[in-house]
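# Coordinate analysis (summary)
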Protein chains: 2
Amino acid sequence: MVEKRTPLAIEEAVRKVMNFAKNGLKEMVPIELAYGRMLAEDIVADQDVPAFDRSPYDGFAIRSEDSIHTSTENPTIFEVVGEIGAGSVYPKEVEPFQAVRIMTGAQIPEKCSAVIMLELAKEFQNEGKNYIEIKRSYKDGENISFRAEETHKGMVLAKKGMYINPGIVALLATFGYSQVPVAKKPIVGVIATGSELLEVNEALEPGKIRNSNSYMVLAQIQKAGGIPKYLGKFSDDFETCYTEVKKALEQVDILITTGGVSVGDYDYLPAIYQKLGASVLFNKIAMRPGSVTTVAQLNHKLLFGLSGNPSACYVGFELFVRPCIKTYLFNETPHLKRVRARLGENFPKPNPFTRFIRGKLLYEEENLIATPSGFDKSSAVSSLASTDALIVLPGGTRGYEKGMTVDVLLLEDREGSQWPWYDFVPSYR
Amino acid sequence: MVEKRTPLAIEEAVRKVMNFAKNGLKEMVPIELAYGRMLAEDIVADQDVPAFDRSPYDGFAIRSEDSIHTSTENPTIFEVVGEIGAGSVYPKEVEPFQAVRIMTGAQIPEKCSAVIMLELAKEFQNEGKNYIEIKRSYKDGENISFRAEETHKGMVLAKKGMYINPGIVALLATFGYSQVPVAKKPIVGVIATGSELLEVNEALEPGKIRNSNSYMVLAQIQKAGGIPKYLGKFSDDFETCYTEVKKALEQVDILITTGGVSVGDYDYLPAIYQKLGASVLFNKIAMRPGSVTTVAQLNHKLLFGLSGNPSACYVGFELFVRPCIKTYLFNETPHLKRVRARLGENFPKPNPFTRFIRGKLLYEEENLIATPSGFDKSSAVSSLASTDALIVLPGGTRGYEKGMTVDVLLLEDREGSQWPWYDFVPSYR
């Protein structure tokens, strides 16, 4: 009567899913809308930066050779023959002992080879002409930002798949990307299953709970970079459910169902997968929570059956769905970033399976401390509010003690990682 | 000719700005749109969680007292008299040595006091009736999630001003918030100044550069939680500029200008502030880059004059504008989060002023290492791409060595901090 399921190693499960993860499409958006998206192409410098020798300060451009013999005792006087605002170019040739007033960022006039900072030049007038006096010599190139000093034309400045932060927006603007090639967001559908579920705006009834998982997952989809599409609750009738899933698959790039993946009697999903002709990659994983996570694929489209238990659902999404969304977005570090931290509390109870404990990362001097978010029953919703990390405790015959170094997966990180499981942590195999 | 400006201590400058930072307004959004917003009210539990005693597993509910004498040698048999799916309630009273098949999450029938996991019950039939056999005893309350075990009605689950992450979305759904009170986003206007600026879609010209700062700042505004409004470039005519700023102030909650705050000749801003009747809070700060950041206020509306230098502009935004936007959003930790890390490279050159070096945070075992993002000329744009932290090097007569512990401000963190300057780092005063 109880369906027999063989638990798969976490690493193997992630690998099976990633075999079907694929890159999506590119689209162009105006630069104003590029923040927070993922680059669909490498960003290449279309010019040197600076594009010309320029002044890093407000001051006076001179020929450095005219200043060679200058000292406090032997000051040198230059005639100020003109000025250049930022964005303009000095049209004439600068003669010996002439200076040109120059603004920050303006192009150095030809023949000039140094800039005197405004504060170090004593300005005066004589017979209607402007002069400056300086009291030290300047080296060739002093106070000049040289052409291509920062970036050469043709250089790759940001890689395809990178998250577009404000710094990358600055790069895009500098190099003329008024339209930006970004990854198209995948549409990720969510269907809730479970006759115990009430909608958020419904009043509580005996034995029922409000549907929190779907909304949580919709937010997780957005966070991962997808477009969430809530497709509602499953009906109680098998044929209707089957039709709903079939229709949903035509509208979405990835489909998630929450609930109904346990070994309980009322679970239609296995039968639906079978009728669709979807192949089940796995339906049990050697982990807690989330052991009943099921993943299937139909024509290379992934169907995720996440547990109805809130924290199992949360963890299942982050470990399996998130990397698929990130891969769709061309990201090459699609998995949660793994760091090492000291455990902030004892975990005396041993568990044969690897556990993912919701926690909070604290910084204590230059060390990281990972502290479980209090009460951690696998159904607890409230501790998710302040969670920013999953503490990974590999299964085994012993518990864990405060101060031990453990793996932690970051939930609020932008960088991600390539493959956190296999190479580093053989115990997950 | 050179305007005399007295540099203000960073901490004092932040304090002066924060005197004028104010909370904004509340608005209601449907729960589907709440992710990523800030809570405008505390979230309070409108019910206990669980709202009823429930089963954490698929199994059989029994009266635990019936199992007292059970052992491998002395198994006990229960008659299975019914079943409860999740969301339904068992209508009858359970008699001695009766069991009810129960699904995960379903309400425990009255009189029952323990749940036998499905895997531990041996099911069999006899004369058309269903039975289970168990081989150990169960304690009162075993495998039951009790009412209010996780959350009591009336408990504050998430505080006003908190960032709404997927966990908080789950809470909102659980407690019936189909409409969510969130902070209204402030409109933050950006005007670029500088006749050297080309628009992003314009071809390069001698002496000119593309306007990258404005777009960078627009992204920083979005990142901080504001609505960016690009108001274009200043004209070259004073009266037109004045009118532009005056009009802009009517449309925005906060106004930023980039460029034109140095001591150069072509800077209209001081005159504009004067003509508006705005009071200048400061126009020079004892820091690098960003020393020429100017902040003024008019009728308690803040006007930020950020430097035209990209990294000074970036740092000026994060230190001064960001906390004002976050405060508008009710956030009580509006400043960048400060952590301690080991310096990843030597910084031999001493500087009388506190420096903010763009850098990358690396995790090496459980230690944090902050490494400068390579070439850090204050005008460098390219190193901003991978920056996720600002390394703070207080001014002084000595440089810094690799391995020293330094303060680092996190740029990709969601949590923020209350007041990172004063208490911890007296040298910034």
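The coordinates are above.
Now for a quick tour of the structure. (Residues numbered from 1 in each chain as written. Chains lettered and ligands numbered in written order. Predicted model: local features only at pLDDT ≥ 70, side-chain atom pairs only at ≥ 80, totals over all residues. Heavy atoms only, no water.)

### Here we look at the relation of the copies chain B and chain A
When chain B is fitted onto chain A, the two copies agree to an RMSD of 0.1 Å after a turn of 180° and an axial shift of 0.1 Å. When the rotation and shift are considered jointly, the pair of chain copies conforms to a two-fold rotation axis. By C-alpha distance to the rotation axis, the residue of chain B lying nearest is B:Asn367, at 2.4 Å. The residues that chain B uses at the interface reappear at the interface of chain A in 100% of cases, marking a shared surface. (Least-squares fit on C-alpha atoms with pLDDT ≥ 70 in both. Contact = heavy atoms within 4.5 Å.)

### Overview of helix α5 (residues 269-276) of chain B
Residues and elements named next belong to chain B. Where α5 is concerned, the buried positions are Leu-269, Ile-272, Tyr-273 and Leu-276. Mapping the buried residues of α5 onto a view down its axis gives an arc of 100°, with all of them on the same face. Residues of α5 that are buried in the fold lie against α4 (238-251), β15 (254-258), β16 (279-282), β18 (294-298) and β19 (301-306). Downstream of α5 by one or two residues, Gly-277 has phi in the positive range, about 85°. (Buried < 20%, exposed > 50% of the residue type's maximum accessible area, 1.4 Å probe, protein only. Helix = DSSP H or I, 4+ residues; strand = E, 2+ residues; numbered from the N terminus. Arc of directions from axis to C-beta.)

### Overview of the interface of chain B and chain A
In this assembly, 91 residues from chain B lie in contact with 91 residues from chain A. For the pairing of chain B and chain A, the buried interface totals around 8000 Å² over both sides, and the portion due to carbon and sulfur atoms is 59%. Close ionic contact of B:Lys360 with A:Glu415 constitutes a salt bridge, the shortest N to O distance being 3.2 Å. At the junction of chain B and chain A, the tally comes to 15 residue pairs in polar contact (both at pLDDT 80 or more). (Buried area = accessible area lost by both parts, 1.4 Å probe. Salt bridge = Lys/Arg side-chain N within 4 Å of Asp/Glu carboxyl O. Polar contact = N/O pair within 3.5 Å; in protein donor to acceptor, adjacent residues only side chain to side chain.)

### Structural notes on the side chain of A:Thr70
Residue and element names in this part refer to chain A. Along the chain, the position of Thr-70 falls in the loop between β3 (59-62) and β4 (76-84). In this structure the side chain of Thr-70 is engaged in a polar contact, spanning 2.7 Å, whose partner is the backbone oxygen of Ser-67. Excluding anything up to four places from it in sequence, Thr-70 contacts Pro-75, Thr-76, Ile-134, Lys-135, Arg-136 and Ser-137.

### Some words on the pairing of strand β19 (residues 301-306) of chain A
All names here are of chain A. For β19, a buried count of 5 out of 6 residues is recorded, marking the element as mostly surrounded by other parts of the structure. Alignment of strand β15 (residues 254-258) against β19, held across 5 bridges, turns out to be parallel. Paired with Thr-257 across the bridge in β19 is Gly-305. Here strand β18 (residues 294-298) pairs with β19 via 5 bridges, running antiparallel. Paired with Val-295 across the two strands is Phe-304, which belongs to β19. Joining the antiparallel neighbours β18 and β19 is a turn of 2 residues, in which Asn-299 adopts a positive phi near 50°. (Pairing = 2+ DSSP bridges.)

### Overview of the pattern of salt bridges
Residues and elements named next belong to chain B. Under the counting rule described, the total for this entry stands at 34 salt bridges over all chains. Across the salt bridge formed by Asp-407 and Arg-340, the nearest N and O atoms sit 3.0 Å from each other. You can see Asp-407 sitting in strand β24 (residues 405-410) and its partner Arg-340 sitting in strand β20 (residues 337-343), a full 67 residues away along the chain. The exposure class assigned to Asp-407 is buried, which follows from its relative accessible area of 5%. We classify Arg-340 as partly exposed; its relative accessible area is 26%.

### Quick notes on the pairing of β18(A)
All names here are of chain A. In terms of residue burial, β18 counts as a mostly covered element, since 5 of its 5 residues are buried. The alternating pattern of β18 places Thr-294, Ala-296 and Leu-298 and Val-295 and Gln-297 on opposite faces, both of which are buried. Here strand β16 (residues 279-282) pairs with β18 via 3 bridges, running antiparallel. The residue of β18 that forms the bridge with Val-280 is Ala-296.

### Some words on the packing of aromatic side chains
Enumeration over the complete set of coordinates arrives at 12 aromatic pairs over all chains. Between A:Tyr35 and A:Tyr163, the aromatic rings sit 6.3 Å apart at their centres with planes inclined by 65°, giving edge-to-face as the arrangement. Pair noted here: A:Tyr35 is in the loop between β1 (26-30) and β2 (43-44) and A:Tyr163 is in the loop between β9 (156-158) and α2 (166-174), with a separation of 128 residues, a long-range link. By relative accessible area, which is 14% here, A:Tyr35 ends up buried. For A:Tyr163, a relative accessible area of 10% gives the class buried. With a centroid separation of 5.5 Å and 20° between ring planes, the pair formed by A:Phe124 and A:Tyr131 is classed as stacked. Here A:Arg101 stacks its cationic end above the ring of A:Phe60, 5.7 Å away from the centre of that ring. Across from the ring centre of B:Tyr138, 4.1 Å away, lies the NZ or CZ of B:Arg136, which sits over that ring. (Phe/Tyr/Trp six-rings, centres within 6.5 Å; stacked < 30°, edge-to-face > 60°. Lys NZ or Arg CZ within 6 Å of the ring centre and 35° of its normal.)

Keep in mind that these numbers describe shape and distance, not what the molecule does.
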